[in-house]
Amino acid sequence: QVQLTQSGGGLVQAGDSLRLSCAVSGRTFSGTLLDWFRQAPEKEREFVAQITWDDDTTYYKNSVKGRFTISKDAAKNTVFLHMTSLKPEDTAVYYCGVRPFGEYVYDAWGQGTQVTVSS
């Protein structure tokens, strides 16, 4: 059974940086996509960033391009979301999710971590 365990997050000021972590266990990683989503209060969950495990191809939501970086440490089976130049509108609960390449049903989600950016 796949399990995702998140860490990081917290309360920061605008312009600060944070790094979120998502540790993956219970599956093989070839052919896997790992996504970060976020959900702000009273808003729908939205895509933030994606990394392909096999070749490190990345994609980003337009509003975070140049500020957020998704990466992985294969030895630790962990995916990171490094967030810089944070803005109040980045405030949300952030979730990581894992799914097989080419499929749109997620095998598992992390428990979520709160990121709050004060102005």
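Overview of the structure. (Residues numbered from 1 in each chain as written. Predicted model: local features only at pLDDT ≥ 70, side-chain atom pairs only at ≥ 80, totals over all residues. Heavy atoms only, no water.)

**A closer look at the overall build of the protein chain**
Stage number 1. Looking only at helices and strands, the protein chain features zero helices and eleven strands.
Stage number 2. If you list the helices and strands of the protein chain from N to C, you get β-β-β-β-β-β-β-β-β-β-β.
Stage number 3. Its C-alpha radius of gyration of 14 Å places the protein chain within 12% of the 14 Å reference for a compact globule of 119 residues.
Stage number 4. Its C-alpha atoms give the protein chain principal-axis dimensions of about 40 × 25 × 25 Å.
Stage number 5. Restricting to contacts in the protein chain with at least 6 residues of sequence separation, those with at least 24 account for 52%. (Helix = DSSP H or I, 4+ residues; strand = E, 2+ residues; numbered from the N terminus. Rg over C-alpha atoms; globule rule 2.2 N^0.38 Å. Contact = heavy atoms within 4.5 Å.)

**Looking at the sheet that holds strand β8 (residues 78-83)**
Stage number 1. Ordered in space as β1-β3-β8-β7, the four strands form an open sheet in which the pairing is antiparallel. In the strand order of this sheet, the two ends are held by β1 (3-7) and β7 (68-73), each with one partner. Taken pair by pair, the neighbouring strands of this sheet meet at an average axis angle of 20°, ignoring direction.
Stage number 2. Where β1 and strand β3 (residues 18-25) come together, five bridges link them in antiparallel fashion. (Pairing = 2+ DSSP bridges. Axes fitted to C-alpha atoms, helices over the stretch in contact; angles between N-to-C directions.)

**Things to note about the side chain of Asp90**
Stage number 1. Mapped onto the elements, Asp90 comes out in the loop between β8 and β9 (92-100).
Stage number 2. Not counting residues up to four positions away in its chain, the partners in contact with Asp90 are Arg38, Arg67, Phe68, Ser85, Val115 and Val117.

**Description of the pairing of β7**
Stage number 1. Sheet analysis places β7 next to β8, joined by six bridges and oriented antiparallel. Its bridge partner lying in β8, Ser71 is registered against Phe80.
Stage number 2. Where β7 folds back onto β8 in an antiparallel hairpin, the turn is made up of four residues, including Asn77, whose phi is positive at roughly 50°.

**Thoughts on the nonpolar core**
Stage number 1. Counting 29 residues, the largest nonpolar core has Leu4, Trp36, Val48, Phe68, Leu81, Met83 and Tyr94 as the members making the most contacts within it.
Stage number 2. Apart from the residues within four sequence positions on either side, Tyr94 is in contact with Gln6, Leu20, Trp36, Phe37, Arg38, Val48, Phe68, Leu81, Met83, Gly112, Thr113 and Val115. (Core = buried A, V, L, I, M, F, W, Y, C linked by side-chain atoms within 4.5 Å. Buried < 20%, exposed > 50% of the residue type's maximum accessible area, 1.4 Å probe, protein only.)

**A closer look at the pattern of salt bridges**
Stage number 1. Counting across every chain of the model gives six salt bridges.
Stage number 2. Each of Arg38, Glu46, Lys61, Arg67 and Asp90 takes part in a single network of salt bridges with overlapping partners. (Salt bridge = Lys/Arg side-chain N within 4 Å of Asp/Glu carboxyl O.)

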